[in-house]
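Architecture and fold: a report
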Amino acid sequence: MDLGAGTTNGSFSFGYQPKSLDELQTFSDYTWSLLKVMESISPDEKVVLVGHSLGSMKYPNKISVAVFVTAFMPDTIHAPSFVLDKFLERTPKNEWLDTQFLPFGRHGHLTSILFGPQIISSKLYQLCSPEEDLSKKRAFSNEGFASVKRAYIVCAEDKAIKEEFQRWQIENSGVAIVKEIKNADHMVMLSNPPKLCQCLLDIVN
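Worth saying up front: this structure is predicted, and the values here are computed from it rather than measured.

Right, let's get into the nonpolar core. Met38, Ile63, Ala66, Phe68, Met73, Tyr152 and Ile170 are the most contacted members of the largest nonpolar core, which totals 15 residues. The set of elements that each furnish at least two residues to this core consists of helix H2 (32–40), strand S2 (63–69) and strand S5 (150–155). Considering every element that reaches this core, the biggest residue donor is S2, with three residues. Formed by 13 residues, the second largest nonpolar core is a distinct cluster that contains Val67, Cys155, Ala184 and Leu196.

Within this structure, the stated rule accounts for six aromatic pairs. Each ring, one from Phe72 and one from Phe87, has its centre 5.1 Å from the other, and the planes form 75°; the classification is edge-to-face. Linking Phe72 in the loop between S2 and helix H3 (82–90) with Phe87 in helix H3, this pair joins segments that are 15 residues apart in sequence. Take Phe72 and Phe87: they sit in the same class, and that class is buried.

On to the packing of H3 against helix H5 (residues 163–173), then. The angle between the axes and the distance between the axes are what describe a pair of packed helices. Two numbers describe how H3 lies on H5: the axes approach to 12 Å, and their chain directions differ by 145°. At the point where H3 passes H5, the crossing takes the right-handed sense. Here Phe82, Val83, Lys86, Phe87 and Arg90 of H3 lie close against H5, whose contacting residues are Glu164, Phe165, Trp168, Gln169 and Asn172. A breakdown of the residues in the contact of H3 with H5 according to their chemical character gives five nonpolar, two polar and three charged.

Scoring rules and cut-offs
Residues numbered from 1 in each chain as written. Predicted model: local features only at pLDDT ≥ 70, side-chain atom pairs only at ≥ 80, totals over all residues. Heavy atoms only, no water. Core = buried A, V, L, I, M, F, W, Y, C linked by side-chain atoms within 4.5 Å. Buried < 20%, exposed > 50% of the residue type's maximum accessible area, 1.4 Å probe, protein only. Helix = DSSP H or I, 4+ residues; strand = E, 2+ residues; numbered from the N terminus. Phe/Tyr/Trp six-rings, centres within 6.5 Å; stacked < 30°, edge-to-face > 60°. Axes fitted to C-alpha atoms, helices over the stretch in contact; angles between N-to-C directions. Left-handed = near helix turned anticlockwise from the far one by under 90°. Contact = heavy atoms within 4.5 Å. Nonpolar A, V, L, I, M, F, W, Y, C, P; charged D, E, K, R; others polar.

Structure, rendered in structure tokens:
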């Protein structure tokens, strides 16, 4: 599936033409094609929705279980930006290494995060061979977000979203199922794909 600013091969694109990064103003812009897929699911079907890193969800009535893989996970009390704000509070400046915080958007009024090669190699892929102001958004609802069964996959060697913060989110938001992958970094789909697949199968079954 092609998301915003990606290349298109015609599969699951729903007529969407990828945009440049400067044209993506909201998360909805970026996930447009995914939302179209969710819209197309018939009312009598449900999917297992897996979110990695910066995961979210919509159409709760079409989701059998939402799986957060070492991801930021919101709650139903605070604004969607709450866990991001907490993460920034808990992360010392020196741990950002060569990350750049740059103005973004048509008027440069927002902030983008550009990961440099140092942080990518040492904190995101170390085991591998927003445009929107979320603080002004309403909290997710009990009728929507909280109505979906949730699972969280903890990646113990994630140096970006560290294990301690992952477990804090689990306690803060509450999930039905918690799985742990010990030998996996932030990009678990590359550092330990067999274990990730097994966890997903265990959750579904």
